[in-house]
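These are the residues of each chain, in order.
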Amino acid sequence: MSLADDLIEDAQLKNRPAPCKTGVWISSLPERDREAFAAYLAHGGPVSDLWRAAVKNGCPAAETRFRVHCRKRCTCYLEAEIAA
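**Q** Can you tell me about the side chain of Thr 22, naming the residues and giving the values?
**A** For Thr 22, the position within the fold is in helix 2 (residues 21-27). Taking relative accessible area as the criterion, Thr 22 reaches 1% and is therefore assigned buried. The contact partners of Thr 22, leaving out residues within four places of it in the chain, are Cys 59, Ala 61, Arg 65, Phe 66 and His 69.

**Q** With reference to specific residues and values, describe the packing of aromatic side chains.
**A** Evaluation of the coordinates by the stated rule reveals 2 aromatic pairs. Judged by centre distance (5.8 Å) and plane angle (80°), the rings of Phe 37 and Phe 66 are edge-to-face. Remark: Phe 66 occurs in helix 5 (residues 63-70) and Phe 37 occurs in helix 3 (residues 31-42); sequence separation between them is 29 residues. The burial state of Phe 37 is the same as that of Phe 66; both residues are buried. Through pairs of rings, three or more aromatic residues link up here, namely Trp 25, Phe 37 and Phe 66.

**Q** I'd love a proper account of helix 5, names of residues and values included.
**A** For helix 5, the full list of buried residues reads Phe 66, Val 68, His 69 and Cys 70. Just beyond helix 5, the residue with positive phi is Lys 72, at close to 60°.

**Q** Describe the pattern of salt bridges, with residues and values.
**A** Scanning the model with the defined rule gives 2 salt bridges in all. As a salt-bridge pair, Arg 52 and Asp 49 come within 2.7 Å of each other at their nearest N and O atoms. Highlighted residues: Arg 52 and Asp 49, both in helix 4 (residues 47-56), separated by 3 residues, approximately one helical turn. Classification of Arg 52 as partly exposed rests on a relative accessible area of 47%. Judged by relative accessible area, Asp 49 falls into the partly exposed class, the value being 36%. A salt bridge links Glu 63 to Arg 67, with the shortest nitrogen-to-oxygen separation between them at 3.1 Å. Here Glu 63 and its partner Arg 67 are both found in helix 5, 4 residues apart, which amounts to about one turn of the helix. Judged by its relative accessible area of 25%, Arg 67 is partly exposed.

Calculation criteria
- Residues numbered from 1 in each chain as written.
- Predicted model: local features only at pLDDT ≥ 70, side-chain atom pairs only at ≥ 80, totals over all residues.
- Heavy atoms only, no water.
- Helix = DSSP H or I, 4+ residues; strand = E, 2+ residues; numbered from the N terminus.
- Buried < 20%, exposed > 50% of the residue type's maximum accessible area, 1.4 Å probe, protein only.
- Contact = heavy atoms within 4.5 Å.
- Phe/Tyr/Trp six-rings, centres within 6.5 Å; stacked < 30°, edge-to-face > 60°.
- Salt bridge = Lys/Arg side-chain N within 4 Å of Asp/Glu carboxyl O.

Next up, the structure:
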């Protein structure tokens, strides 16, 4: 690779949005818990109940930011759109 390639790659990495607190927390969960989280949302369970259970299990996000993640309006999903 050349210097130009390295600089372009570095700029792309720095401009990539970071995942939100909820997304980081979900990614740290075991697969079974991630699947349960997704299933709960898919079946239309109340987000407020899901948030309370998430906080009890270590999620650091405030309820409002948690809702933003559940509605797929956070940086976790912006990052997926950029990569596409």
